[in-house]
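Commentary on secondary and tertiary structure
Here's the letter readout for the chains.
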Amino acid sequence: MKLGIGRRLTGTYFLVIFITVAIFELALITGINYYYLSSINNNLKNQAEMVAGFHNNFLDSTDLYSSARQLIDIFAQESFQIQITDKRGKVIADSLGQTRDQVLDTTDIMKALQGAGDKFKGRDQFSGERIASWSAPLISQGTVVGAVRFTSSLELTYQVIYGLAQYLIVFGLFLILGVSIISYFLAQTIVVPVEEITRTAEQMAQGNLKVRSQVVQADEIGVLAGSLNHMAAQLEKHEELKNEFISSISHELRTPLTSIEGWAQTLKGTPSEAREEMQYGLDIIISESERLNEMVEDLLDLSRLEACRLRLYPEPTEINGLLRTTYEQLKPRADKQGVDYRLELSAEEQVLDIDPRRVKQILINLLDNSLKFTAPGGEICLSGGRRRIEKQDFYSITVTDTGSGIPTAEVSLLKERFYKSPQNALNKGAGLGLAICDELVRLHGGTMEIDSEVGRGTVVIFNLPVTS
Ligand SMILES: Nc1ncnc2c1ncn2[C@@H]1O[C@H](COP(=O)(O)OP(=O)(O)O)[C@@H](O)[C@H]1O
Ligand SMILES: [Mg+2]
């Protein structure tokens, strides 16, 4: 972990600033060096050419020795050494008096004795000092009679340049150090929150979904922390839902199973003459098995919906006919229960493009609910007819009952999975019916509305689109 982003960032910053400073200083030092040397060179050249010009125009060179003395007297300066040589390069006059009678053989002198001015940079052939010089030819009546050479010591210049370079290097090192320290702290502003988020994520991965990242920043890292927290919250919610689901569904599945097992045991010990009791027990076993089957069907539908695998198989279906057969199918149960059970259909036939099996499933679910919660003497009505909603034609199916109803405040929760009203908490069922119905209606492109009031009853309306 410690080898991570922080070091990489600091290292990168360091490298970039190091390279920048190095290139900048190298260019600067080279520039200064060039500037100093070329200005010295120009100066030497001007002086040498001036002296040569003066000689060539105004002095009689038959006697170079006396001319040389004159030139030195006129032009001698402290900052330069002036040497005058004869045509073989032997020094006949020297402003410093050091090199008289010595023979100069540097390239500039050679060139000057051939008739052209030239510069020289290097070590002095006698003192070994670093020097720059310019030599110009002395000409008399068209022939080169000697040369004048201006020389300047570069030791002082180099000292100044070295001093400057040292100063620049020290300054550069401090700059690099300073920027590196700043970049370290800059990197820490990224590394510290990332480490915190990583620790949180690791804890989450180990199953502790209660932890939350404390990083609050208005940048990508802050967004990452927010997303992580949101993800943990969602996972926690799903975990809770899953646990709730398992406990609720195990309870719902166990009830009919207990009943089936109990009756099977009873029937086993019942003498075969007791036909009536046997019949009663078998009826219960059958109805409880059916209930188990329905519940398992609901669970399968739910998982198909979750995985978006629930498909409709629409076909042109005459809806009034479908309503009638479903109504008839549940009539015996309603009669037995002693409720006033009615069917109200609009006169004309209506063909809809629907999945008849699924619409029937919705109808049975709604009618089953009404039958479950309506006491003898109550009313249940199934009705259907066309209805126009927001400029679109729908076929509207309504199931009304005068049963127990549920508190109006709970109505919005009915479409949620596993929701069972505490109002009639003892009823059997997993609380999946209406949630599945709602999804099925939605898959058909329709809508479902529920209204209920305790003591007055419940109305469920679902609208299926009419396509022309
Ligand atoms: N017609 C109704 N009258 C009163 N309560 C109802 C009615 N329909 C549904 N409910 C309430 O809604 C709950 C969920 O019903 P539903 O979604 O059909 O689940 P289930 O699959 O258990 O039948 C029921 O347990 C009941 O509390
Ligand atoms: Mg139901």
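This structure is a prediction, so every number in the text was calculated from the model and none was measured.

Given 3.6 residues per helical turn, the α-helix brings residues three or four places apart onto the same face. Taking 1.5 Å of rise per residue, the 18 residues of helix α8 (residues 356-373) would be expected to cover 26 Å, and the 26 Å separating its terminal C-alpha atoms lies within 8% of that figure. Considered for burial, the residues of α8 that qualify are P356, R358, V359, Q361, I362, L363, N365, L366, L367, D368, S370 and L371.

A few words now on the pairing of strand β3 (residues 118-123). Bridge count between β3 and strand β4 (residues 130-140): six bridges; the pairing is antiparallel. Residue pairing in the sheet places K121 in a bridge with A132 of β4. In textbook terms, the turn of a hairpin is the stretch between consecutive antiparallel strands, and for β3 and β4 this stretch comprises six residues, one of which, G128, has a positive phi near 80°.

Let us now look at the packing of aromatic side chains. Per the counting criterion, the structure on display carries 11 aromatic pairs. Look at F54 and F75: their rings are 5.4 Å apart centre to centre, the planes differ by 75°, and that puts the pair in the edge-to-face class. Separated by 21 residues along the polypeptide, F54 in helix α1 (residues 5-58) and F75 in helix α2 (residues 64-75) bring together distant segments of the chain. The exposure class of F54 is partly exposed, given its relative accessible area of 25%. Overall, the relative accessible area of 13% leaves F75 in the buried class. With 4.7 Å between their ring centres and 55° between their planes, F245 and F418 make a pair best called tilted. Here F418 lies in the loop between β10 (392-401) and α9 (433-443) and F245 lies in helix α5 (residues 220-269), a separation of 173 residues in the sequence. Here F245 falls in the partly exposed class, since its relative accessible area comes to 24%.

Now for the site of ligand 1. Neighbouring ligand 1 are 21 residues, the closest being N369, N424, G431, G433 and L434. D401 places a side-chain nitrogen or oxygen 2.9 Å from a nitrogen atom of ligand 1. Between ligand 1 and G431 there is a distance of 2.7 Å, counted from an oxygen atom to a backbone nitrogen or oxygen. Look at ligand 1: alone it shows 550 Å² of surface, and the protein chains cover 97% of it. At the level of secondary structure, the elements contributing two or more residues to the shell around ligand 1 comprise α8 and α9. Examining the composition of the shell around ligand 1, we find that four residues originate from one element, α8, more than from any other. Of the residues assigned to the shell around ligand 1, the class counts are seven nonpolar, 11 polar and three charged.

Let us now look at the sheet that holds strand β11 (residues 447-453). On the basis of which strands lie adjacent, the open sheet formed by five strands has the order β7-β9-β10-β12-β11 and mixed pairing. The strands lining the two open edges of the sheet, one partner per strand, are β7 (340-345) and β11. Going from strand to strand, the sheet's axes swing by 15° on average, the running direction of each strand aside. Together, β7, β9 (379-389) and β10 form the strand contacts of helix α7 (residues 319-337), whose direction differs from that of β7 by roughly 175°.

With 19 residues, α7 should reach 27 Å at 1.5 Å per residue; the first-to-last C-alpha distance of 27 Å fits that figure. Taken as a whole, α7 carries its principal kink of about 40° at K331; the proline P332 stands between one and four residues after it. Of all the positions in α7, only I319, N320, L322, L323, T326, Y327, L330 and A334 are classed as buried. Looking at the packing, one finds that the buried side of α7 touches β6 (315-318), β7, β8 (351-354), α8, β9 and β10. Regarding α7, its N-cap is E318, as a side-chain oxygen of that residue lies 3.2 Å from the backbone nitrogen of N320 further along. At the exit of α7 stands G338, carrying a positive phi of roughly 75°.

One can describe the packing of α5 onto helix α6 (residues 275-306) by two numbers: an axis separation of 9 Å at closest approach and a directional angle of 160°. Judged on the interaxial angle alone, α6 and α5 are roughly antiparallel. The crossing of α5 and α6 is left-handed. A breakdown of the residues in the contact of α5 with α6 according to their chemical character gives 17 nonpolar, five polar and four charged.

In terms of nonpolar packing, the biggest core is built from 45 residues, with I319, L382, I397, M448 and F462 touching the most fellow members. Looking at which domains feed residues into this core, each of domain 2 (220-306) and domain 3 (315-465) gives three or more. Sequence-distant contacts of I319, that is, excluding residues within four places in its chain, are made with Q350, L352, I354, V359, Y395 and I397. Ranked by size, the runner-up nonpolar core spans 28 residues in total, among them A68, I92, V145 and F150.

The domains assigned to the protein chain are domain 1 (5-159), domain 2 (220-306) and domain 3 (315-465). Between the C-alpha centres of domain 2 and domain 3 the distance comes to 23 Å. With 14 residues of domain 2 at the contact, the number on the domain 3 side is 13 residues. Together domain 2 and domain 3 conceal approximately 1200 Å² of surface at their shared face, both sides included; 62% is due to carbon and sulfur atoms. Broken down residue by residue, the surface that domain 2 buries against domain 3 is led by D298, L302 and L305, which jointly contribute 40%. For the interface between domain 2 and domain 3, the tally reads three salt bridges. In this structure, the salt-bridge partner of E252 is K420, at a minimum N-O distance of 2.7 Å. For the pair domain 2 and domain 3, the number of links is four residue pairs in polar contact (both at pLDDT 80 or more). Contributions of two or more residues to the side of domain 2 that touches domain 3 are made by α5 and α6. Among the elements that line the side of domain 2 that touches domain 3, the one with the most residues is α6, at 10 residues. Considering only residue class, the side of domain 2 that touches domain 3 consists of six nonpolar, one polar and seven charged.

The rules behind these values
- Residues numbered from 1 in each chain as written.
- Chains lettered and ligands numbered in written order.
- Predicted model: local features only at pLDDT ≥ 70, side-chain atom pairs only at ≥ 80, totals over all residues.
- Heavy atoms only, no water.
- Helix = DSSP H or I, 4+ residues; strand = E, 2+ residues; numbered from the N terminus.
- Expected span 1.5 Å × (residues − 1).
- Buried < 20%, exposed > 50% of the residue type's maximum accessible area, 1.4 Å probe, protein only.
- Pairing = 2+ DSSP bridges.
- Phe/Tyr/Trp six-rings, centres within 6.5 Å; stacked < 30°, edge-to-face > 60°.
- Near = heavy atom within 4 Å.
- Polar contact = N/O pair within 3.5 Å; in protein donor to acceptor, adjacent residues only side chain to side chain.
- Areas by Shrake-Rupley, 256 points an atom, 1.4 Å probe, with all protein chains shown as cover.
- Nonpolar A, V, L, I, M, F, W, Y, C, P; charged D, E, K, R; others polar.
- Axes fitted to C-alpha atoms, helices over the stretch in contact; angles between N-to-C directions.
- Contact = heavy atoms within 4.5 Å.
- Bend = angle between axes of the 7 residues up to and from the residue.
- Parallel < 35°, antiparallel > 145°, perpendicular 65-115°, else oblique.
- Left-handed = near helix turned anticlockwise from the far one by under 90°.
- Core = buried A, V, L, I, M, F, W, Y, C linked by side-chain atoms within 4.5 Å.
- Domains from an automatic or database assignment.
- Buried area = accessible area lost by both parts, 1.4 Å probe.
- Salt bridge = Lys/Arg side-chain N within 4 Å of Asp/Glu carboxyl O.

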